[in-house]
Amino acid sequence: MSDLAGKHIVLGLSGGVACYKAAEFCRGLVKAGATVQVVMTEAAEHFITPVTMQALSGRTVYSSQWDAREGNNMPHINLSREADAIVIAPASADFMARLVHGRADDLLSLLCLARPRERVPLLVAPAMNREMYAHPATQRNLAQLRADGTVVLGVGAGEQACGETGDGRMLEPDELLYEVVRHFQPKVLSGRHVLITAGPTFEAIDPVRGLTNRSSGKMGFALARAAHEAGAQVTLVAGPVALPTPRGVQRVDVMSAQDMQRAVQASADAADVFIAAAAVADWRPANAAGQKIKKDGSGEVPALAFVENPDILAGVAQGARAKGGALYCVGFAAESHDLLAHAQAKRARKGVPLLVGNIGPDTFGRDDNALLLVDEGGTTELPRDGKLALARRLVAEIARRLPRG
Ligand SMILES: Cc1cc2nc3c(=O)[nH]c(=O)nc-3n(C[C@H](O)[C@H](O)[C@H](O)COP(=O)(O)O)c2cc1C
């Protein structure tokens, strides 16, 4: 993964127990391709050593504005001008109070004040005891930081180092990494609500058996992440998969095609875009048995009769057209052969503006895929790549086709 290739991050640590998480966060930034310059307050050095941070970042750590290593003796100018972003993690209550007041009495606060604001975003990850976090002074400071254009990341809830339980834990390193990566993604779906289905459905035969398919949900989950990164509010209706919910995404778990249809209908009216990436079963057993069907030793096999499942995509597209067509519908076709012909036919059958074809056996369960986009203008190929990279490209393609919001 090289989501941060070419990015230079100044990682600032202020004094809090969560400094231990900053070590792993630093490692994550480097793994994602960023170069990292660590700057620490004096208090932060009581919690974690500059040696650890130097080893992980591969650069000597700065902590003093009087550092004579810089030719001009102005690390606050040099370090802030090199950065693509400054991320303070952890941001102590004290440090944020200093930011609010434009204080500049140590290197880290000085370089935040001296940074070119229009070019170098400042992200802060608060970390403190729940009473400190809930205090009106801290909440006032957070509001003021936001008003000043600082990106204030959320906090986690739970058990704290002090033994108390509540809001104020710093986000976990992977959550911080996600927020930084998200920050750099173009906000092409800002203000839009995107509804996505993902994964297989499960059609019960009896209480312990059922029919499903090989869809892993990875493409739909990658789309949910990409849409959220692009600034959208995202609802993800997921069939039975064990994938983690992408950060910031509202997830609704369902089992059968009928469950999925109900969940989709509940959210479709509020959505601007509907992406049907789930592999919905075409048929379900006509009569699911209420009790487990038992083998009785006679050699007789149960006969299964099927009924057709609702066509979720066609139904939503039809409903949207009836309401004036504000909802932009995108279908997926997982085929085994003749991709273009099947995708074109499915686009016409479902009545949707954009149909995305992929080869089922080449995508189910895999982390990469290749997509063929079919719309009224023709076809666009998105060659084989990681699913998240493809999802970001598809999100950009969808955004280009949306009427201006
Ligand atoms: C053991 C210990 C743990 C602390 N943990 C936190 C913390 O998690 N968050 C916080 O805002 N302050 C915490 N503090 C207080 C800060 O370290 C203190 O306000 C310090 O002045 C912050 O300095 P800085 O903002 O220059 O880094 C803690 C202090 C001690 C002694």
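All values reported here derive from a predicted model rather than from experimental measurement.

> Tell me about the overall build of the chain, residues and numbers included.
From N to C terminus, the chain includes 14 helices and 19 strands. Considering the chain as a whole, with its 405 residues, one finds that 50% of them fall into the buried category. For the chain, the exposed surface amounts to about 19200 Å²; the carbon and sulfur share of it is 50%. Of note, the chain has its 44 positive side-chain charges centred 2 Å away from the centre of its 43 negative side-chain charges.

> Explain the UniProt feature "binding site: CTP" (unreviewed entry) in the chain to me, using residue names and the numbers behind them.
Mapped onto this numbering, the UniProt entry annotates "binding site: CTP" (unreviewed entry) at D282, K292, P310, D311, I312, L313, F332, K346 and K350. Their sequence span is 69 residues, while the largest C-alpha to C-alpha distance among them is 36.9 Å; these annotated residues do not converge on one region. At 3.4 Å, the side chain of D311 forms a polar contact with the backbone nitrogen of L313. Residue position: L313 is located in helix α12 (residues 312–322). Relative accessible area serves as the criterion here: at 7%, L313 is assigned to the buried category. Those residues in contact with L313 that lie beyond four places of it in its chain are F274, A276, C329, V330, G331, K350 and V352.

> So what about the environment of L339? Which residues, and what values?
In this structure, L339 sits in helix α13 (residues 339–350). Classification of L339 by relative accessible area gives buried; the value is 18%. A C-alpha to C-alpha distance of 50 Å links L339 and Y20, two positions 319 residues apart in sequence.

> Tell me about the sheet that holds strand β2 (residues 35–40), residues and numbers included.
In spatial order, the strands read β2-β1-β3-β4-β5; together these five strands make up an open sheet with parallel pairing. Edge strands, defined here as strands with exactly one partner in the open sheet, are β2 and β5 (151–152). Inspection of the sheet shows strand β1 (residues 8–13) paired to strand β3 (residues 85–91) by four bridges, in the parallel sense. In the strand pairing of β3, L11 is matched with V87.

> I'd like to hear about the pattern of salt bridges, residue by residue, with values.
Within the structure shown, the criterion is met by 26 salt bridges. A salt bridge links D269 to K323; the shortest N-O distance between them is 2.8 Å. Of this pair, D269 sits in the loop between α11 (257–268) and β13 (273–276) while K323 sits in the loop between α12 and β16 (328–335), placing them 54 residues apart in sequence. Summarising the burial analysis for this pair, D269 and K323 share the class exposed. Close ionic contact of R401 with D375 constitutes a salt bridge, the shortest N to O distance being 2.9 Å. Highlighted residues: R401 in helix α14 (residues 387–401) and D375 in strand β18 (residues 368–375), separated in sequence by 26 residues. Judged by relative accessible area, which is 18%, D375 ranks as buried.

> Tell me what's going on with the site of the ligand, and back it up with residues and numbers.
In the vicinity of the ligand, 15 residues are found, and the nearest of them are G15, T41, S92, A93 and A127. A distance of 2.8 Å is found between a nitrogen atom of the ligand and a backbone nitrogen or oxygen belonging to A127. For the shell around the ligand, the leading source of residues is helix α5 (residues 93–100), giving four residues. Across the shell around the ligand, the residue classes break down as eight nonpolar, five polar and two charged.

> Lay out the packing of α5 against helix α6 (residues 107–114) in plain terms, naming residues and giving numbers.
Across the interface, α5 lies against α6 with an axial gap of 10 Å and an inter-helix angle of 35°. Note that α5 runs across α6; the crossing there is right-handed. Counted together, F95, R98 and L99 of α5 and L108, S109 and C112 of α6 form the full contact between these two elements. Looking at side-chain class alone, the contact of α5 with α6 contains four nonpolar, one polar and one charged residues.

> Describe the UniProt feature "domain: Flavoprotein" (unreviewed entry) in the chain, and please don't skip the residues or the numbers.
Mapped onto this numbering, the UniProt entry gives "domain: Flavoprotein" (unreviewed entry) at residues 7–182. Annotation note: span residues 7–182, helix share 43%, strand share 20%, distance between end C-alpha atoms 13 Å.

> Run through the domain arrangement of the chain, naming residues and quoting values.
Assigned domains of the chain: these are domain 1 (8–184) and domain 2 (193–401). On a C-alpha basis, the centres of domain 1 and domain 2 stand 40 Å from each other. Counting residues at the interface gives six residues for domain 1 and five residues for domain 2. Regarding the contact of domain 1 and domain 2, the summed buried area is about 610 Å², with carbon and sulfur atoms giving 51% of it. If you sort the residues of domain 1 by the area they bury against domain 2, Y178, V181 and R182 come out on top, with a joint share of 77%. One can count two salt bridges joining domain 1 with domain 2. Among the ionic pairs, R247 bridges to E175, the shortest N-O distance being 3.7 Å. Across the contact surface, domain 1 and domain 2 share two residue pairs in polar contact (both at pLDDT 80 or more).

> Account for the nonpolar core, with residues named and values stated.
Counting 36 residues, the largest nonpolar core has L223 and L394 as the members making the most contacts within it. By residue number, the principal contributor to this core is helix α10 (residues 218–229), which donates seven residues. Beyond its immediate chain neighbours, meaning those up to four positions away, L394 contacts L223, F332, L354, V356, L371, L373 and L382. Counting 33 residues, the second largest nonpolar core, distinct from the first, contains L29, A34, L176 and L177.

> So what's going on with α6? Which residues, and what values?
The buried fraction of α6 amounts to seven of the eight residues, a majority that puts the element mostly inside the structure. Those residues of α6 that fall on the buried side of the exposure criterion are L107, L108, S109, L110, L111, C112 and A114. Tucked inside the fold, the buried residues of α6 contact β1, β2, α4 (75–82), β3, α5 and β4 (122–126).

Rules used throughout
- Residues numbered from 1 in each chain as written.
- Predicted model: local features only at pLDDT ≥ 70, side-chain atom pairs only at ≥ 80, totals over all residues.
- Heavy atoms only, no water.
- Helix = DSSP H or I, 4+ residues; strand = E, 2+ residues; numbered from the N terminus.
- Buried < 20%, exposed > 50% of the residue type's maximum accessible area, 1.4 Å probe, protein only.
- Areas by Shrake-Rupley, 256 points an atom, 1.4 Å probe, with all protein chains shown as cover.
- Lys, Arg positive; Asp, Glu negative; His and termini not counted.
- Charge placed at Lys NZ, Arg CZ, Asp CG, Glu CD.
- UniProt positions renumbered as here; feature names shortened; annotations may be inferred.
- Polar contact = N/O pair within 3.5 Å; in protein donor to acceptor, adjacent residues only side chain to side chain.
- Contact = heavy atoms within 4.5 Å.
- Pairing = 2+ DSSP bridges.
- Salt bridge = Lys/Arg side-chain N within 4 Å of Asp/Glu carboxyl O.
- Near = heavy atom within 4 Å.
- Nonpolar A, V, L, I, M, F, W, Y, C, P; charged D, E, K, R; others polar.
- Axes fitted to C-alpha atoms, helices over the stretch in contact; angles between N-to-C directions.
- Left-handed = near helix turned anticlockwise from the far one by under 90°.
- Domains from an automatic or database assignment.
- Buried area = accessible area lost by both parts, 1.4 Å probe.
- Core = buried A, V, L, I, M, F, W, Y, C linked by side-chain atoms within 4.5 Å.

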